[in-house]
Structure formats: structure tokens, C-alpha cells
Amino acid sequence: MGNPLNLPFDPIERAHENWKRRWGASPAMAAVTSIMRAQQILIGRLDGVLKPYELTFARYEALVLLTFSASGALPLGKIGERLMVHPTSVTNTIDRLERQGLVRRMPNPSDGRGTLAEITEAGREVVEHATRDLLAMDFGLEGYTAEELERMHRSFVKLRVGFGDFPDPGGD
């Protein structure tokens with residue numbers, strides 16, 4: 001999971017100050033650097049909580065997605081689309097989950113060439129236990145209020161819409 005740095009200063013703020021002196025102020029540089037560090041911290045914490053289940057957060061997300069499916073199964077392409085990852089990542093994730101006995105592959109009856117990933121009963125049990133543990137630590141964001149979390153979530157919608165993940169829900 002990594003150890004806290006326990007530095008006597010904020011290295012991102014120090015880099016931002018150096019950046020300002022060299023190239024001028026860039027709030028975007030400070031923001032993106034903070035976001036990237038936050039991601040490192042969160043992935044480390046989430047993967048640490050999921051380690052007893054031999055899961056990473058990426059594999060956990062795939063299992064959760066399968067539990068949301070009415071049949072418990074989805075085509076691999078649909079998994080990649082919903083998780084917003086490359087097909088190679090989906091294949092690797094499903095391979096690993098299959099070796100763990102948490103999913104099984106089966107032919108897609110509506111597409112002779114396609115493959116479905118289906119969650120097993122063991123996979124469902126792991127999702128329930130892992131979800132309980134993640135909820136207990138508020139997915140690593142326990143220091144924030146519900147309002148702050150909602151603002152945080154909304155603040156990234158603009159970035160995701162601009163990238164083309166989905167249409168602007170506000171119609172702007």
C-alpha cells in the first residue's frame with residue numbers, strides 16, 4: 001500500500017512554486033499533479049483493503065459490473081466499454097478472475113464468435129465481503145463530507161464530457 005511520505009513540506013506546492021518562477025503560474029499543473037498523487041494514494045489504499053481477497057480495484061470493478069448485470073454475465077467487449085479500458089486489459093482481468101474461480105467464460109449465445117464472462121457464486125460472495133470492507137473505509141475518502149464528495153464527483157464531469165466519455169447531462 002505504500003507508506004506516508006511524512007515530508008516537512010508539500011512537494012507539489014514546492015514544484016508549483018518552482019514552475020511559477022520558471023514558466024509562470026500554472027494552476028493546471030498543480031491540479032493535475034495533485035490528482036495523480038491522489039490516484040496513487042487511493043489505489044494503494046483500495047488495493048490494500050482488497051488484498052485479502054486477492055483482488056485489485058480493477059478486478060473488483062469487473063466483478064461489481066457483472067453483479068449489476070441481470071444475468072450475471074456480459075460480453076467482454078461490453079465489460080471494456082463500461083469500465084472504459086482497453087480490450088487487452090479486459091482479457092487480462094477476466095483471465096485472472098477465471099483462474100481464481102470468480103468468473104467463468106462461456107460462449108455468447110447471441111454472437112457465435114463472442115465470449116461472455118459470468119460471475120460465479122464464489123465471485124458473488126467475494127464482491128459482498130469486499131464491498132463491505134470498502135464501504136467501511138468510504139473507499140479511502142473518509143475525511144470528506146457527503147457534500148464535498150458530490151462536488152468532487154461533479155467537478156470531473158466536465159473533463160469526462162470534454163473527452164467524449166458521454167454527452168453533457170446539462171446539455172451545455
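Residues numbered from 1 in each chain as written. Predicted model: local features only at pLDDT ≥ 70, side-chain atom pairs only at ≥ 80, totals over all residues. Heavy atoms only, no water.

Turning our attention to the overall build of the protein. Counting secondary structure elements, the protein contains seven helices and three strands. When the helices and strands of the protein are placed in sequence order, the string is α-α-α-β-α-α-β-β-α-α. For 172 residues, the compact-globule formula gives about 16 Å, and the C-alpha radius of gyration of the protein, at 20 Å, lies well above that figure. Across its three principal axes, the protein shows a C-alpha extent of roughly 60 × 40 × 30 Å. Put simply, the protein has 172 residues, and 27% of those count as buried. Considering only intrachain contacts with a sequence separation of at least 6, the fraction spanning at least 24 residues in the protein is 52%. If you sum the accessible surface of the protein, you get close to 11,600 Å²; carbon and sulfur atoms cover 57% of it. Positive and negative side-chain charges in the protein, numbering 21 and 23 respectively, have mean positions lying 6 Å apart. (Helix = DSSP H or I, 4+ residues; strand = E, 2+ residues; numbered from the N terminus. Rg over C-alpha atoms; globule rule 2.2 N^0.38 Å. Buried < 20%, exposed > 50% of the residue type's maximum accessible area, 1.4 Å probe, protein only. Contact = heavy atoms within 4.5 Å. Areas by Shrake-Rupley, 256 points an atom, 1.4 Å probe, with all protein chains shown as cover. Lys, Arg positive; Asp, Glu negative; His and termini not counted. Charge placed at Lys NZ, Arg CZ, Asp CG, Glu CD.)

Next up on the list: unusual backbone geometry. Of note, the phi angle at Glu54 is positive, near 55 degrees, even though the residue is not glycine. With respect to the element layout, Glu54 can be found in the loop between helix 2 (27–50) and helix 3 (57–68).

Moving on, we get to the side chain of Ser26. Relative to the helices and strands, Ser26 is located in the loop between helix 1 (11–23) and helix 2. Sequence-distant contacts of Ser26, that is, excluding residues within four places in its chain, are made with His16 and Trp19.

The α-helix advances 3.6 residues per turn, and as a result positions three or four apart in sequence lie on the same side. An ideal rise of 1.5 Å per residue puts 16 Å on 12 residues; helix 3 measures up with 16 Å between its terminal C-alpha atoms. Those residues of helix 3 not exposed but buried are Phe57, Arg59, Tyr60, Ala62, Leu63, Val64, Leu65 and Leu66. (Expected span 1.5 Å × (residues − 1).)

We now examine the packing of aromatic side chains. Scanning the model with the defined rule gives three aromatic pairs in all. A network of ring pairs unites the aromatic residues Phe57, Tyr60 and Phe139 as a single cluster. Geometry around Phe9 places Arg14 over its ring, the cationic atom sitting 3.9 Å from the centre. (Phe/Tyr/Trp six-rings, centres within 6.5 Å; stacked < 30°, edge-to-face > 60°. Lys NZ or Arg CZ within 6 Å of the ring centre and 35° of its normal.)

Let us look at the confidence of the model for the protein. Caution applies to low-pLDDT parts of the model: their predicted coordinates are not meant to be read in detail. Looking at the protein, pLDDT values average 94 and 98% of them are 70 or higher. The secondary structure element of the protein with the lowest average pLDDT is strand 3 (residues 111–119), at 89, and the one with the highest is helix 6 (residues 121–136), at 98. (pLDDT = per-residue confidence, 0-100.)

Let us look at the layout of surface pockets. Approximately 1,700 Å³ is the volume found for the largest pocket. Along the wall of the largest pocket there are 37 residues; nearest its centre are Ile35, Gln39, Leu42, Phe57 and Phe156. If you list the elements that add at least two residues to the lining of the largest pocket, you get helix 2, helix 3, helix 4 (76–83), helix 5 (87–99) and helix 7 (146–163). Examining the composition of the lining of the largest pocket, we find that 10 residues originate from one element, helix 2, more than from any other. For the lining of the largest pocket, a count of residues per class yields 23 nonpolar, seven polar and seven charged. (1 Å grid on protein atoms, 1.4 Å probe; cavity = no way out; pocket = protein on both sides within 12 Å on 5 of 7 lines; lining within 4 Å. Points joined across faces, edges and corners; volume = space filled by probe spheres on them. Nonpolar A, V, L, I, M, F, W, Y, C, P; charged D, E, K, R; others polar.)

Next up on the list: the pattern of salt bridges. For the coordinates displayed, the defined rule picks out nine salt bridges. Between Lys20 and Glu17 there is a salt bridge, and its shortest N-O distance comes to 3.1 Å. One end of the pair is Lys20 and the other is Glu17, both in helix 1 and three residues apart, which spans about a single turn. Given a relative accessible area of 31%, Glu17 falls into the partly exposed group. Salt-bridge contacts for Glu118 lead to Arg104; the nearest nitrogen and oxygen are separated by 2.9 Å. One end of the pair, Glu118, is in strand 3; the other, Arg104, is in strand 2 (residues 103–108), with 14 residues separating them in the sequence. Here the salt bridges share partners, and the residues they tie into one network are Asp95, Glu98 and Arg105. (Salt bridge = Lys/Arg side-chain N within 4 Å of Asp/Glu carboxyl O.)

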